[in-house]
Amino acid sequence: MKQQGVHPEGAESTSDAEPRPDITEEAREEVHIDEVEGDEPLLPARVHRPSDLMRLLVGVLAVVLLLGIAAFAHGTTSGLEQDINKGTGQAPDLLIKIAGLVSSIAILLVPVAFAIERLIKRDGLRIADGVLAAVLAHGVTLATDLWVAKAAPSSIQEALTQPSPGDIHALTDPVHGYLAPVIAYMTAVGMSRRPRWRSVLWIVLLLDAFSMLVTGYTTPFSIILTVLIGWTVAYGTLYAVGSPNVRPTGRTLMAGLRHVGFRPVSAAREESPDAAENDRGRRYFVTLEDGPPLDVTVVDREQQAQGFFYRAWRNLTLRGFATRSSLQSLRQALEQEALLAYAAIAAGANAPKLIATSELGPDAVMLVYEHTGGRTLDSLADDEITDDLLRNTWHQVQALQSRRIAHRRLAGDAIVVDRSGTVILTDLRGGEIAAGDLLLRMDVAQLVTTLGLLVGAERAVASAVGVLGPDAVADCLPMLQPIALTRSTRATLRRLARERAQREREAVLEASQQAKQARLEAAGHDTSPVVLEKPDKKAVRAEARAEKRAIDDALEEAREEDLLTQIRHEVLLIRPQAPVEPARLERVRPRTLMSFIAGAIGAYFLLTQLTHIEFGPLIANAEWGWVAAAVLFSAVSYVAAAMALLGFVPERVPFPRTVAAQVAGSFVKIVAPAAVGGVALNTRFLQRAGVRPGLAVASVGASQLFGLGCHILMLLSFGYLTGTEKTPSLSPSRTVIAGLLTVAVLVLVVTSVPFLRKFVATRVRSLFAGVVPRMLDVLQRPQKLVTGIGGMLLLTACFVMCLDASIRAFGDESTSLSIASVAVVFLAGNALGSAAPTPGGVGAVEATLTVGLIAVGLPKEVAAPAVLLFRLLTLWLPVLPGWLAFNHLTRKGAL
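Criteria and thresholds
Residues numbered from 1 in each chain as written. Predicted model: local features only at pLDDT ≥ 70, side-chain atom pairs only at ≥ 80, totals over all residues. Heavy atoms only, no water. Helix = DSSP H or I, 4+ residues; strand = E, 2+ residues; numbered from the N terminus. Buried < 20%, exposed > 50% of the residue type's maximum accessible area, 1.4 Å probe, protein only. Contact = heavy atoms within 4.5 Å. Phe/Tyr/Trp six-rings, centres within 6.5 Å; stacked < 30°, edge-to-face > 60°. Axes fitted to C-alpha atoms, helices over the stretch in contact; angles between N-to-C directions. Parallel < 35°, antiparallel > 145°, perpendicular 65-115°, else oblique. Left-handed = near helix turned anticlockwise from the far one by under 90°. Nonpolar A, V, L, I, M, F, W, Y, C, P; charged D, E, K, R; others polar. Pairing = 2+ DSSP bridges. Salt bridge = Lys/Arg side-chain N within 4 Å of Asp/Glu carboxyl O. Expected span 1.5 Å × (residues − 1). pLDDT = per-residue confidence, 0-100. Disulfide = S-S within 2.5 Å. Core = buried A, V, L, I, M, F, W, Y, C linked by side-chain atoms within 4.5 Å. Polar contact = N/O pair within 3.5 Å; in protein donor to acceptor, adjacent residues only side chain to side chain.

1. With respect to the overall build of the protein
Alright, step 1. Broken down by element type, the protein carries 34 helices and 10 strands.
Alright, step 2. Here the protein holds 895 residues, and 45% of them are scored as buried.
Alright, step 3. Residue pairs in contact within the protein that sit at least 24 positions apart in sequence constitute 76% of those at least 6 positions apart.

This is the structure:
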């Protein structure tokens with residue numbers, strides 16, 4: 001194929017097909033079709049469609065729901081079966097026999113006939129997909145039959161089986177081993193898109209189901225489960241192996257243009273600059289033999305599916321007026337874009353003129369526009385974006401809004417400026433007619449943000465006010481929030497925010513270095529004789545305050561307002577009384593959704609832990625005095641945790657609210673690993689309390705670092721004391737030395753492997769960044785240091801005493817352990833719980849504590865209930881007050 005130069009608009013031509021007078025018209029068309037190749041990168045042979053995944057998930061959910069109904073609604077299932085048997089028992093025997101004979105033969109012949117028809121048309125890939133789906137469906141039915149026969153509850157067995165008419169001692173099959181593969185086959189080969197074949201096969205399936213029901217060889221739930229399994233396995237297979245790519249090529253496009261009366265010569269693909277939102281179709285620049293060029297947009301199922309999950313998430317979290325359908329049919333997409341194109345032109349706006357539409361097979365459509373040319377607003381240089389151009393852009397939007405048309409995507413690449421300076425609004429496919437006020441205000445907010453990114457907030461607001469008026473611009477302020485903007489605009493705002501934060505960090509570091517340099521220079525000019533004496537505390541504090549003041553001043557000077565805040569200020573200068581409170585666009589806030597999911601996970605873990613425990617003997621044998629003591633030690637631990645945190649925070653933070661935050665942490669750690677949830681919650685709490693983000697992270701890091709050191713020292717100390725008591729398994733000669741050797745081996749392995757060394761160094765550096773300066777600040781306040789270390793020791797003591805009280809609640813004097821042994825077991829279990837990836841260390845902590853207590857001589861009959869009581873008091877029972885505290889602090893803005 002010949003390679004052409006670059007089109008003036010930037011598109012690369014892909015054919016060289018000049019009209020040839022020495023061939024006929026039909027031959028010329030054939031030549032054109034043959035020469036239009038390679039108009040885009042080579043397409044994959046198979047694609048994974050999000051719609052197949054969604055159908056798979058729906059099928060799995062339907063199977064689970066059906067089994068749940070069969071398990072818990074036994075009376076309903078029995079009544080339904082009796083009603084169906086009563087109704088079908090009146091059918092004539094001759095009709096039943098004929099239906100059974102015809103369906104049993106046709107159910108095998110119809111798929112074979114369809115396969116032969118597809119092979120003749122060289123569509124063997126679909127047949128292969130269908131055969132694979134049928135094999136997998138057969139395997140699933142065998143597994144389901146085995147599960148129902150061996151392990152399923154009796155209610156599910158009764159709903160899916162019944163005594164066989166031929167042998168009353170045998171049961172019918174729970175799932176039909178031949179029906180599910182046929183359904184999977186017909187679904188995977190795409191028979192649903194061929195109405196005749198689909199009708200024939202469904203008639204056969206209904207006849208077969210009817211004959212099986214009447215003769216008593218199946219149940220209604222068995223038939224429904226069979227259909228769901230076949231349907232689900234088919235879409236799971238299609239998503240796993242991929243569906244054949246039916247995206248139209250350039251040759252198909254050229255043939256479609258000729259079909260609607262055009263005489264194309266060449267086609268060139270125009271790549272979209274924004275791949276993240278490239279769900280609006282592929283665009284082509286097409287030249288004709290006898291007319292001006294065309295702009296053609298091709299929309300196919302695969303292109304339309306891009307961004308499906310993002311749109312589905314937006315539909316879930318945003319209110320209905322702020323979103324559009326996450327999944328449209330091709331016909332709906334075609335009609336939507338055509339309607340908006342005609343409506344925009346009728347409103348007096350400059351929009352591409354739609355001159356033809358057509359289908360390109362069953363899986364694609366095309367829209368043909370007059371060629372507009374020009375460049376997008378994003379690609380213009382700064383000096384080319386004049387005030388006249390800005391006003392012209394607002395005039396186009398004003399024309400749309402005068403007819404209640406919402407564009408819904410006024411980003412920079414949707415606004416085209418032609419050679420004469422005329423502004424043309426493109427990408428109208430996502431718009432709406434008869435739009436409400438909120439959508440129109442969202443358009444204004446989006447465009448003023450788009451222009452603000454290009455020319456600044458002042459010029460953007462001035463141009464909007466000059467055309468729309470101050471009241472219309474002021475009304476858009478409640479819509480001026482990131483969630484109301486396009487995806488690309490939000491990404492740009494996030495990038496600018498990261499750059500601003502980097503500049504602020506650099507300014508703070510520079511101010512800190514200058515303060516230290518000034519302090520060193522002042523010390524160097526001091527010529528007084530050196531006297532070895534304790535440093536003056538007042539001087540040290542004064543220097544620290546001076547350094548902090550310099551850092552705060554540098555941060556204040558470097559702080560920049562984000563673009564949305566600048567726009568608000570510009571509008572408020574014109575309309576001081578304008579509403580600035582953001583409108584509620586979210587149906588469900590992400591934080592609320594995460595809280596609900598976290599609560600569900602916590603409830604699941606709690607129920608799974610409690611279902612296998614017999615509480616009667618435990619309650620009868622427990623000594624309630626020690627249980628009350630364990631409760632008291634568990635409650636005091638939250639006060640100790642607050643002391644351990646505030647001891648490393650020089651700033652003033654309310655102590656009661658800090659205790660409430662530690663109570664909230666009992667809810668957070670049940671839905672996140674223990675070493676992650678507490679750190680994130682405390683960091684967030686300190687930031688909300690007025691501590692700067694970097695210092696909040698450093699304070700929590702310093703607390704974690706001191707806690708780690710105390711934990712190791714106490715483990716070694718109590719391990720030694722335990723060994724001196726002649727405990728058989730945890731003597732210092734084995735446990736302590738083995739632990740040290742294990743740590744040494746791990747350190748050697750990590751330091752010797754470059755990848756692990758880099759990984760650990762990066763994580764440790766990010767975790768403890770700024771910890772050392774923060775620790776120096778704390779060292780200057782002895783009372784803070786005493787509070788922090790005392791809180792850590794008190795926290796460990798509370799947990800150890802809680803575990804000891806739990807042991808005494810179920811044991812006696814003969815089974816009691818020393819405090820040193822209990823401390824070693826607790827410290828080891830807590831260490832493993834922090835390292836375990838499960839929420840709250842579930843599973844790892846229970847196993848470690850139980851095995852550890854048994855190893856130090858506690859009977860199993862006492863160790864198991866003691867560990868259960870300890871975990872109930874320290875993990876599970878605080879979940880509800882933790883959830884209440886979490887929601888309370890969230891409402892108060894403390895989290």
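2. What to know about the packing of aromatic side chains
Alright, step 1. Under the definition given, this model contains four aromatic pairs.
Alright, step 2. In this structure an aromatic cluster arises from ring pairing among Phe799, Phe826 and Phe870.

3. Observations concerning the packing of helix 7 (residues 179-188) against helix 9 (residues 220-241)
Alright, step 1. The interhelical angle for the contact between helix 7 and helix 9, taken along N-to-C directions, is 40°, at an axis separation of 8 Å. Looking at the two axes, helix 7 sits oblique to helix 9. Relative to helix 9, the crossing made by helix 7 is right-handed. Contact residues: Leu179, Ala180, Ile183, Ala184, Thr187 and Ala188 in helix 7; Thr226, Val227, Gly230, Trp231, Ala234, Tyr235 and Leu238 in helix 9.
Alright, step 2. A breakdown of the residues in the contact of helix 7 with helix 9 according to their chemical character gives 10 nonpolar, three polar and no charged.

4. Examining the sheet that holds strand 7 (residues 364-370)
Alright, step 1. Judged by pairing direction, the sheet is antiparallel, and its five strands sit side by side in the order 3-4-5-7-6 without closing on themselves. In the strand order of this sheet, the two ends are held by strand 3 (264-270) and strand 6 (354-359), each with one partner. Strand-to-strand twist across the sheet, computed as the mean angle between neighbouring axes with direction ignored, equals 25°.
Alright, step 2. Across seven bridges, strand 5 (residues 294-300) lies against strand 7 in antiparallel orientation. Bridged to valine 299 within strand 7 is valine 365.
Alright, step 3. Lying on the sheet, helix 13 (residues 330-346) is in contact with strand 5, strand 6 and strand 7; it crosses strand 7 at an angle near 15°.

5. Quick word on the pattern of salt bridges
Alright, step 1. According to the stated counting rule, one finds 14 salt bridges in the structure shown.
Alright, step 2. The residue glutamate 384 makes a salt bridge to arginine 375 at a minimum N-O spacing of 2.7 Å.
Alright, step 3. For glutamate 384, a relative accessible area of 34% puts it in the partly exposed group.
Alright, step 4. Given the relative accessible area of 41%, arginine 375 is considered partly exposed.
Alright, step 5. Among the salt bridges present, the one from arginine 495 reaches glutamate 499, with a minimum N-O distance of 3.2 Å. A residue pair is termed a helical-turn pair when its members lie 3 or 4 positions apart in one helix, as arginine 495 and glutamate 499 do in helix 18 (residues 487-525) at four residues.
Alright, step 6. Sharing partners across several salt bridges, the network here consists of Arg283, Arg409, Asp413 and Asp427.

6. What about helix 9?
Alright, step 1. Counted at 1.5 Å a residue, the expected span for helix 9 with its 22 residues is 32 Å, and the 32 Å between its end C-alpha atoms agrees.
Alright, step 2. With 16 of its 22 residues buried, helix 9 lies for the most part within the structure.
Alright, step 3. Immediately downstream of helix 9, the backbone of glycine 242 shows phi near 90°, a positive value.

7. As for the pairing of strand 5
Alright, step 1. With seven of seven residues buried, strand 5 is to be regarded as a mostly interior element.
Alright, step 2. On strand 5, burial covers both faces: Leu294, Val296, Val298 and Asp300 on one face and Asp295, Thr297 and Val299 on the other are all buried.
Alright, step 3. Both strand 4 (residues 282-288) and strand 5 contribute to a ladder of five bridges, which runs antiparallel. Bridge pairing in strand 5 links arginine 283 to threonine 297.
Alright, step 4. Between the end of strand 4 and the start of strand 5, which pair antiparallel, lie five residues.

8. A look at the confidence of the model for the protein
Alright, step 1. Residues at a pLDDT of 70 or more form 67% of the protein, whose mean pLDDT is 75.
Alright, step 2. At the low end of the mean pLDDT range in the protein sits helix 1 (residues 25-35), at 40; at the high end sits helix 14 (residues 387-402), at 94.
Alright, step 3. Counting contacts from residues 1-39, a segment whose pLDDT is below 50, to residues more than four positions away or on other chains yields 65 contacts.
Alright, step 4. Considering only residues more than four positions removed or in separate chains, one finds that residues 273-278, a stretch of pLDDT under 50, has 13 contacts.

9. Some thoughts on the state of the cysteines
Alright, step 1. Summed over all chains, the structure comprises zero disulfides.
Alright, step 2. Cysteine 798 forms no disulfide, and the closest cysteine sulfur to it belongs to cysteine 802, at a distance of 8.8 Å.
Alright, step 3. Overall, the relative accessible area of 0% leaves cysteine 802 in the buried class.

10. Comments concerning the sheet that holds strand 10 (residues 423-425)
Alright, step 1. Strands sit in the order 8-9-10 across an open sheet of three strands; the sheet is antiparallel. At either margin of the open sheet sits one strand with a lone partner, and together these are strand 8 (375-376) and strand 10.
Alright, step 2. Across three bridges, strand 9 (residues 415-417) lies against strand 10 in antiparallel orientation. Bridge pairing in strand 10 places isoleucine 415 opposite leucine 425.
Alright, step 3. Against the sheet, helix 14 touches strand 9 and strand 10, its axis set at about 35° to strand 10.

11. Focus: the nonpolar core
Alright, step 1. In this structure, Trp394 and Ile567 are the most contacted members of the largest nonpolar core, which totals 57 residues.
Alright, step 2. Contributions of two or more residues to this core are made by helix 13, helix 14, strand 9, strand 10, helix 15 (437-455), helix 16 (457-468), helix 17 (470-474) and helix 20 (563-574).
Alright, step 3. Ranked by residue count, the leading element in this core is helix 15, at nine residues.
Alright, step 4. With residues up to four places along the chain from it excluded, the contact list for isoleucine 567 reads Val448, Thr449, Ala457, Val461 and Leu480.
Alright, step 5. Formed by 35 residues, the second largest nonpolar core is a distinct cluster that contains Val627, Ala644, Phe799 and Phe826.

12. Regarding unusual backbone geometry
Alright, step 1. Positive phi, normally seen in glycine, also occurs at arginine 404, with a value near 60°.
Alright, step 2. Tracing the chain through its elements places arginine 404 in the loop between helix 14 and strand 9.
Alright, step 3. Residue arginine 404 is classed as partly exposed on the basis of its relative accessible area, which comes to 35%.
Alright, step 4. Positive phi, close to 55°, is recorded for aspartate 427, a residue that is not glycine.
Alright, step 5. Residue position: aspartate 427 is located in the loop between strand 10 and helix 15.

13. Some thoughts on the pairing of strand 3
Regular strands show a simple pattern: their side chains alternate between the two faces of the sheet.
Alright, step 1. Along strand 3, six of the seven residues are buried, which leaves the element largely enclosed by surrounding structure.
Alright, step 2. Strand direction decides the pairing type here: strand 3 and strand 4, joined by six bridges, are antiparallel. What sits directly across from alanine 268, in strand 4, is phenylalanine 285.

14. Thoughts on the side chain of threonine 161
Alright, step 1. Locating threonine 161 in the fold gives a position in the loop between helix 6 (154-160) and helix 7.
Alright, step 2. In this structure the side chain of threonine 161 is engaged in a polar contact, spanning 2.4 Å, whose partner is the backbone oxygen of glutamine 157.

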